[in-house]
Amino acid sequence: MALQELDFDSCYRAVSARDPRFDGRFYTAVTTTRIYCRPICPARTPSWRNVRFYRHAASAEAAGFRPCKRCRPELSPGDPGWDLRGDLVGRALRLIDDGAADEQGVAGLARRLHITERHLHRLFVAELGVGPLAVARTKRLLLAKQLLTETSLPITEVAFAAGFGSVRQFNATMRETYGFTPSELRATAGPRAAAIASAPAAQTGATLRLRLHRRHPYDADGVFSFLAARAIPGLEVADRTSYRRAVPGGTITLTPRPDHIALDVAVEDTRQLARIVARCRRLLDLDADPQAIADVLSGTSLAPLVAARPGLRVPGTFDGFELAVRAVVGQQISVAGARTLLGRIVARAGAPGGLFPTPARLLEADLSGLGLTGRRIDTLKDLAARLVDGRLDLDGGQDPAQAVAELLEVRGIGPWTASYIALRALRDPDAWPTGDLVLVKRMAALGIPNDHIERWRPWRAYAALHLWSSS
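Colleague: Describe in detail the sheet that holds strand E6 (residues 236-239), supporting the description with residues and values.
Modeller: Strand order in this open sheet of 5 strands is E5-E9-E8-E7-E6, and the pairing throughout is antiparallel. Where the open sheet ends on each side, the last strands, each with one partner, are strand E5 (207-212) and E6. Between one strand axis and the next, the sheet turns by 15° as a mean value, whatever way the strands run. With 5 bridges joining them, strand E7 (residues 242-247) and strand E8 (residues 250-256) adopt antiparallel strand pairing. Along E8, the bridge assignment pairs Arg245 with Ile252.

Put into structure tokens, the structure is as follows:
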């Protein structure tokens, strides 16, 4: 939905009702206070004469509004519309979340998308009213604000963790945009920050704890059980109550709480924090809109399954290449068997610290003697080569349809494997694993005809998870 498509009356009704379904979909800016808020802000609803609505926090900040300290826009779940969109702006926003603009600049972001910087800027202004540079700056500021409020991380480290090039730049940008310095913000949030920072396991040594918010309901048991069943030995440790994995320079741990997911980060270099947060959100499908999904699927033959698992999510992945390797290795074998083989691949080709191998490392690795067939090894090598030379991008830079087409060019990857990768790595909500035997059996057992699959659009990925979860 473009910026100009926001309906004032609908937005104002949502704000007046503090309707949580709209949290993250737009922001309310109050002209008398110059502050912008989430739709659920507990403050008194302002007069309709004094409000403006913005689709993105960056749009509000570019218009001169500061984030509210009560409702804290940095805690909003992501807009499900942008999370699902596979067009250039949607992909660019996900890459900005992943830190691409911080590391490569807007010019590098545009190259990743195979368009000019000028065209990217034009698309952003048409959709959001601001350019990609302003969006990236807002992302940095909001992450910094969360770190200042929820942790006792030194301000110098907050600056670099949020993606700023220097402390001086951090101080100047925050003062210019928000009207206060980082130290002034921390002072006003002092008691709260101190309480959080001193809580058990909140910050031990180099470990930071952040809260990741999501929409209700959220089927945490389903997501964490799914990840636990597929945890790779040496890389991940998971059960129904937590998920832990190795990341470059350390580990992360995710734990479900009643109203959020606790993310514990223990890394040597906090500059990768923005990427970690973005990838954890995608891994746990935190930006999905469960009500929109249920509205469609509840009116179909899946209604009993939807009622039994409210808030069901599609588990994503921390790394697109890793998921593609999982899909290839898991062809026609059990989940337990795939875990064993993947653990051997990590032990043989993974980087120090128990990390999953990069495409370059896997391409050079000797995978013989691990239990993989020669044909499967050839498929993995071809897959890795396509990521190394840039023909394939599984982390958001490539159009999903083009990525699937490129995957199908890999010998040994058919429609089921490509669809499974699209479902979990490319975040396609309508991906359907064609020919999946479990889905075929479940549909037959439930008496669901094949022609009902089309009735589940545009949420067929969630339909697949409902059927898998019911087996």
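Colleague: Report on the packing of helix H22 (residues 437-445) against helix H23 (residues 460-470), specifying residues and quantitative values.
Modeller: It is at 9 Å that the axes of H22 and H23 come closest, and there the two elements cross at 75°. Judged by the angle between their axes, H22 and H23 are roughly perpendicular. Between H22, through Val438, Leu439, Arg442 and Met443, and H23, the contact on the second element is made entirely by Ala464, Leu467, Trp468 and Ser470. Among the residues making up the contact of H22 with H23, the classes are represented as 6 nonpolar, 1 polar and 1 charged.

Colleague: A description of the side chain of His466 should follow, citing residues and the corresponding values.
Modeller: Secondary-structure assignment places His466 in helix H23. By relative accessible area, which is 5% here, His466 ends up buried. Contacts of His466, omitting those with residues within four sequence positions, involve Leu297, Leu305, Val306, Arg309 and Leu312.

Colleague: Quick one: what's the story with empty space enclosed by the protein, residue by residue and with numbers?
Modeller: In total, this model carries 5 cavities of 30 Å³ or more according to the counting rule given. Contributing to the lining of the largest cavity are 37 residues, with Ser76, Gly78, Asp97, Lys139 and Arg281 lying nearest its centre. Mapped onto the lining of the largest cavity, the elements with two or more residues apiece are helix H3 (80-84), helix H4 (88-97), helix H7 (132-150), E5 and helix H13 (273-283). The residue inventory of the lining of the largest cavity, partitioned by class, reads 16 nonpolar, 8 polar and 13 charged. One number sums up the size of the second largest cavity: a volume of about 190 Å³.

Colleague: Residue-level account of the packing of H4 against H7, with values.
Modeller: Across the interface, H4 lies against H7 with an axial gap of 10 Å and an inter-helix angle of 40°. In this structure, H4 meets H7 at a crossing whose hand is right-handed. Within the contact between the two elements, H4 uses Leu93, Ile96 and Asp97 and H7 uses Pro132, Val135, Ala136 and Lys139.

Colleague: Just give me the short version of the nonpolar core, but keep the residues and values in it.
Modeller: By size, the foremost hydrophobic cluster in this structure holds 114 residues, and its most contacted members are Leu254, Leu284, Leu383 and Trp456. Residues Ala92, Leu93, Leu95 and Leu120 belong to the second largest nonpolar core, which totals 20 residues.

Cut-offs used in this document
- Residues numbered from 1 in each chain as written.
- Predicted model: local features only at pLDDT ≥ 70, side-chain atom pairs only at ≥ 80, totals over all residues.
- Heavy atoms only, no water.
- Pairing = 2+ DSSP bridges.
- Helix = DSSP H or I, 4+ residues; strand = E, 2+ residues; numbered from the N terminus.
- Axes fitted to C-alpha atoms, helices over the stretch in contact; angles between N-to-C directions.
- Parallel < 35°, antiparallel > 145°, perpendicular 65-115°, else oblique.
- Contact = heavy atoms within 4.5 Å.
- Nonpolar A, V, L, I, M, F, W, Y, C, P; charged D, E, K, R; others polar.
- Buried < 20%, exposed > 50% of the residue type's maximum accessible area, 1.4 Å probe, protein only.
- 1 Å grid on protein atoms, 1.4 Å probe; cavity = no way out; pocket = protein on both sides within 12 Å on 5 of 7 lines; lining within 4 Å.
- Points joined across faces, edges and corners; volume = space filled by probe spheres on them.
- Left-handed = near helix turned anticlockwise from the far one by under 90°.
- Core = buried A, V, L, I, M, F, W, Y, C linked by side-chain atoms within 4.5 Å.

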